[in-house]
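# Observations on the three-dimensional arrangement
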Amino acid sequence: MVQTLISMEEAKNATISELLDKISSNENGLSASEAEKRLQQYGPNEITEKKSSTLVKFLSYFWGPIPWMIEIAAILSAILHRWEDFLIIFSLLMLNAIVGFWQEHKADNAIELLKQKLPLEARVFRDNKWLEVDAREIVPGDLIRLRLGDILPADVKLISGDYLLVDESALTGESLPVEKHVLDVAYSGSVIRRGEMDALVVATGMGTYFGKTAKLVEEAKTQSHFQKAVIKIGDYLIAFALVLVVLIFFVVLYRHESLLDFFQFALVLIVAAIPAALPAVLSVTMAVGAISLAKEGAIITKLAAVEEMAGMDILCSDKTGTITKNELALSDIKLFNDFSEKDVLLFASLASREEDQDPIDNAIITKTKTVQDFVGITDGYKVIAFNPFDPVSKRTEATIEDTNGNRFKVSKGAPQVILSLIDSKDINSTQVDEDVNNFAANGYRALGVAKNDAQGSWHFAGLIALYDPPREDSAETIKIAQTMGVNVKMVTGDHLAIAKEIARQVNLSPDIMLASSFLDMPDSKAQDVVETVNGFAQVFPEHKYHIVELLQRKGHIVGMTGDGVNDAPALKKADVGIAVNGATDAAKSAADIVLTKPGLCVVVGAIKESRKIFQRMNNYSIYRITETIRILLFITLSIIVFHFYPVTALMIVLLALLNDAPIMTIAYDNVKYSDMPEKWDMRTLLSMATILGIIGVTTSFGILYIGLHIFQLNHEIIQSFVYLKLSVAGHLTMFVARTKGPFWSVKPAMPLFIAVITTQLIATIITVYGILLPAMGWNLALFVWGYALIAFIITDLIKVRAYRLLNHTGIRFHR
């Protein structure tokens, strides 16, 4: 349902009479019947959304992104009454769903927050009289009155009145109110801070700028690289298992063995192959990492963002409040008419009032407190009258009395307005204009200062340059980010000159372009342009969305910071949407990460921590795939070559229980982070896991040979003997997989070490004393431990050499 009669662009350009004509309204307002008709036609003035139930959301975590074969394995377990297998698989699925849902269920409420920003009632002119109506009943064509404190109920064009000061922070995140006059447009969700005007409603509900933003938030969804990686790993292991199952099937047919036994053991192989615990362990790892990030000032609202941030190679950062302080500071003073710098500061400070908390006044007063010998000078002057700034006069004025009882006036404001007070003979206006332009070229905002004399004649004292200075840590933080392989691009709504000057001060290249310059280019060319420049000026929210989209098409993992409602679509679209400190609720809701501290240093700290988390996930993935290959290939070859089942189905269940559940402590492991963006290198990951898996198969056959031919153990004891080796060697493989150098290069965290020792002591006691499994005694158990430790050292040596062959020696890691 379209809730607008014409586009906002048409509304901006149309005159009042043209606009009234286009939307079939008049100066007496709509009639009640016409308003009712339009309400039926265009629908209520409200933000709507497609909403899933809580149950549906929870089930979405239960089923995805885990490979579908895990659920199939659970179903097969139930059909064949293998309840131990079913319970383990179901428990792991449930754990993954709970972790994901609990971390993220509060984050997906951006549209609900937008709805809460809309007003309850509005004043409407209908049938030639003013009425109070429910804001939901406003329609395009209505005439409404806007007053101090009102929240705009719709997108409007201002048609009468002096001016409005409109707080658009809910939309843009900018703290300073925006000046609006007749023929300007104002947007739904903005708050009136000063003034009173009448306006014509142009768009309502989902047709408003606010509503379109909500729609973009709903549409801007991407599949994370984490989800893709889990699916790829699952596909690899499932394909591997299916090949082995088919191979065994033909062997069973050839040998005329029981098909029922085959299907039961095929299930065991499938359960062993499918990484049921993989998503759960990775989710827990990210959840634990999210707690660490929160301590650094970065709250994670979507778990997958942890992994995305580790791989982020481009960060599009807001200028205001992130790179800069979001507060004005006095930069320079240009003197006129023999006034001194101290005079200009004195007049400017007398024309300021600290209690108003005006950003310009605060900048001037702060500067006076830092100037030597200036403190206390203003105490000798008394303010008799003070006229604050307003958008009509565009200046402040104060009547001052000195200690001798002499009175004079001081004023500060827009240079052209201050010049209009001065006799043209007293000042060279061309020089003032030139100085104002020079300030603007350096990104500074100029402020004129004047004082009158005893005869009431005004004299131009000087120009003050104001700007939003960079944060003290911005230049160093950007440098650190760049050394970590993250390309920082400045994104600002400010003018090009300001953007270039700030870029120069924070050691970014001043290669900044206007956001509008690439809009008309073909996408292929625009992608190259956006990729190469270092920032964008005069950016509108829709530009941010397009910038993210273009960079993603070039294969980059993109981070985007934002703070306003209108940033929400770009934050949602980005691989890592970052709501900065002080952002609006809707921006926080759309973002993946919410910063609770100002500045880029928090982002860089979060990048380091996320790369550590990624390393833990990568290490576990290698371990899990290695174990799957080792067990599957060993069991399959034992059946085919030796006509021997080396372990029972119960033993495989115990392996899954004792080896996978405690391994979740890898979330606390000590790791080193990479100095370059991380990504799922499936070639290296699967190659290394396959190499380690084949080594594990070889050592498993070694212990099987020893048990059969040297110790000459019976069938049942051999199975316990082999089971303990698979269990102990399996956890030792974790210590091999967790480093790229020798296993001692990074000390394991105590929780991981204790978990491994505890579970393997349990596995040892089970086999020694015959709990659930045949008893084999301490001598055989100690032999298995010794054998597994020797195999562990040999495997680690081979691993180090394998990494060198896989070209991973060039990547540096840090604590």
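Residues numbered from 1 in each chain as written. Predicted model: local features only at pLDDT ≥ 70, side-chain atom pairs only at ≥ 80, totals over all residues. Heavy atoms only, no water.

### Some thoughts on the overall build of the chain
- Within the chain, the secondary structure is distributed over 30 helices and 23 strands.
- Buried residues in the chain amount to 55% of all 815 residues.
- Contacts in the chain between residues at least 24 apart in sequence constitute 73% of all its contacts with a sequence separation of at least 6. (Helix = DSSP H or I, 4+ residues; strand = E, 2+ residues; numbered from the N terminus. Buried < 20%, exposed > 50% of the residue type's maximum accessible area, 1.4 Å probe, protein only. Contact = heavy atoms within 4.5 Å.)

### Considerations on the packing of aromatic side chains
- Here the structure, examined in full by the defined rule, presents 18 aromatic pairs.
- Ring centres of Phe711 and Phe721 lie 6.0 Å apart, and the angle between their planes is 70°; this geometry places the pair in the edge-to-face category. Note that Phe711 is positioned in the loop between helix 27 (682–710) and helix 28 (715–737) and Phe721 in helix 28, a separation of ten residues in sequence.
- Residue classification places Phe711 among the partly exposed positions, given a relative accessible area of 32%.
- Looking at Phe721, the relative accessible area reads 0%, which means it is buried.
- Put simply, the rings of Phe711, Phe721, Phe783 and Tyr787 pair up and form one aromatic cluster.
- Above the ring of Phe408, the side-chain terminus of Lys451 is found at 4.8 Å from the ring centroid. (Phe/Tyr/Trp six-rings, centres within 6.5 Å; stacked < 30°, edge-to-face > 60°. Lys NZ or Arg CZ within 6 Å of the ring centre and 35° of its normal.)

### A closer look at the pairing of strand 19 (residues 558–562)
- A large share of strand 19 lies buried, amounting to five of its five residues.
- The alternating pattern of strand 19 places Val558, Met560 and Gly562 on one face and Gly559 and Thr561 on the opposite face, and all of these are buried.
- By the bridge criterion, three bridges tie strand 9 (residues 314–318) to strand 19 in an arrangement that is parallel. Across the sheet, Leu315 pairs through a bridge with Gly559, a residue of strand 19.
- The pairing of strand 19 with strand 20 (residues 576–579) spans four bridges and is classified as parallel. Residue pairing across strands places Gly559 opposite Val576, the latter belonging to strand 20. (Pairing = 2+ DSSP bridges.)

### Things to note about the pattern of salt bridges
- Applying the stated criterion to the full structure yields 23 salt bridges.
- For Glu531, the salt bridge goes to Lys554, with nearest N and O atoms at 3.6 Å. Of this pair, Glu531 sits in helix 21 (residues 523–532) while Lys554 sits in the loop between helix 22 (541–553) and strand 19, and the two are 23 residues apart along the sequence.
- Of the residues examined, Lys554 reaches a relative accessible area of 32% and is grouped as partly exposed.
- Each of Arg123, Glu132 and Asp150 takes part in a single network of salt bridges with overlapping partners. (Salt bridge = Lys/Arg side-chain N within 4 Å of Asp/Glu carboxyl O.)

### Thoughts on the sheet that holds strand 10 (residues 329–335)
- Strand order in this open sheet of six strands is 10-15-14-13-12-11, and the pairing throughout is antiparallel. Both outer strands of the open sheet, strand 10 and strand 11 (382–387), are each paired with one neighbouring strand and no more. Going from strand to strand, the sheet's axes swing by 25° on average, the running direction of each strand aside.
- Looking at chain direction, strand 13 (residues 407–413) and strand 14 (residues 445–452) are connected through four bridges and run antiparallel. Its bridge partner lying in strand 14, Val410 is registered against Lys451. (Axes fitted to C-alpha atoms, helices over the stretch in contact; angles between N-to-C directions.)

### A word on the sheet that holds strand 8 (residues 298–300)
- Overall, mixed pairing links the eight strands, which are arranged 8-21-20-19-9-16-18-17 in an open sheet. Taken across any chain shown, the strands that pair with only one partner, and hence form the sheet edges, are strand 8 and strand 17 (512–514). Each strand axis lies, on average, 20° off the axis of its neighbour in the sheet, ignoring direction.
- Contacts from helix 20 (residues 496–505) reach strand 16 (487–491), strand 17 and strand 18 (535–537) within the one sheet, and its direction differs from that of strand 17 by about 165°.

### Focus: the nonpolar core
- Among the nonpolar cores identified, the biggest contains 137 residues, and Met309, Phe460 and Tyr723 are the most heavily contacted of them.
- In terms of residue count, the dominant contributor to this core is helix 25 (residues 601–642) (19 residues). (Core = buried A, V, L, I, M, F, W, Y, C linked by side-chain atoms within 4.5 Å.)

### Notes on helix 20
- Of all the residues in helix 20, the buried ones are Ala499, Glu501, Ile502 and Ala503.
- Buried residues belonging to helix 20 abut helix 14 (319–323), strand 15 (458–467), strand 16, strand 17 and strand 18.
- Positive phi appears at Asn507, one or two residues downstream of helix 20, with a value of about 65°.

### Observations concerning the pairing of strand 15
- The buried fraction of strand 15 amounts to nine of the ten residues, a majority that puts the element mostly inside the structure.
- Relative to strand 15, strand 10 runs antiparallel, the two sharing six bridges. Of the residues in strand 15, the one forming a bridge with Ile333 is Ile464.
- Note that strand 14 and strand 15 share eight bridges and pair antiparallel. Note that in strand 15 the partner of Leu447 across the bridge is Ile464.
- Between the antiparallel neighbours strand 14 and strand 15 lie five residues, among them Gly456 with a positive phi of about 90°.

### Structural notes on a nonpolar patch on the surface
- A contiguous nonpolar surface patch, about 700 Å² in accessible area, is contributed by Leu650, Ile765, Tyr769, Ile771, Leu772, Trp778 and Leu782.
- Among the elements of the structure, helix 29 (750–769) and helix 30 (777–805) are those that each provide at least two residues to the nonpolar patch.
- Following the sequence through the fold, Tyr769 ends up in helix 29. (Patch = residues over 30% accessible without salt bridge, like charges linked within 9 Å, V, L, I, M, F, W, Y side chains within 5 Å. Areas by Shrake-Rupley, 256 points an atom, 1.4 Å probe, with all protein chains shown as cover.)

### Brief notes about empty space enclosed by the protein
- Taken as a whole and assessed by the stated rule, the structure comprises five cavities of 30 Å³ or more.
- Considering only enclosed or pocket space, the second largest cavity measures out at about 130 Å³ in volume.
- Elements with a contribution of two residues or more to the lining of the second largest cavity: helix 27, helix 28 and helix 30.
- Examining the composition of the lining of the second largest cavity, we find that five residues originate from one element, helix 28, more than from any other.
- Among the residues forming the lining of the second largest cavity, the class breakdown is eight nonpolar, four polar and two charged. (1 Å grid on protein atoms, 1.4 Å probe; cavity = no way out; pocket = protein on both sides within 12 Å on 5 of 7 lines; lining within 4 Å. Points joined across faces, edges and corners; volume = space filled by probe spheres on them. Nonpolar A, V, L, I, M, F, W, Y, C, P; charged D, E, K, R; others polar.)

### As for unusual backbone geometry
- The phi dihedral of Asp127 falls on the positive side, at around 55°, and the residue is not glycine.
- As for its placement among the helices and strands, Asp127 is situated in the loop between strand 1 (121–126) and strand 2 (129–134).
- Using a relative accessible area of 41% as the deciding quantity, one classes Asp127 as partly exposed.
- Positive phi values are uncommon outside glycine, yet Asn507 reaches one of about 65°.
- Locating Asn507 in the fold gives a position in the loop between helix 20 and strand 17.

From the geometry alone we can't say anything about function, so treat these as descriptive.
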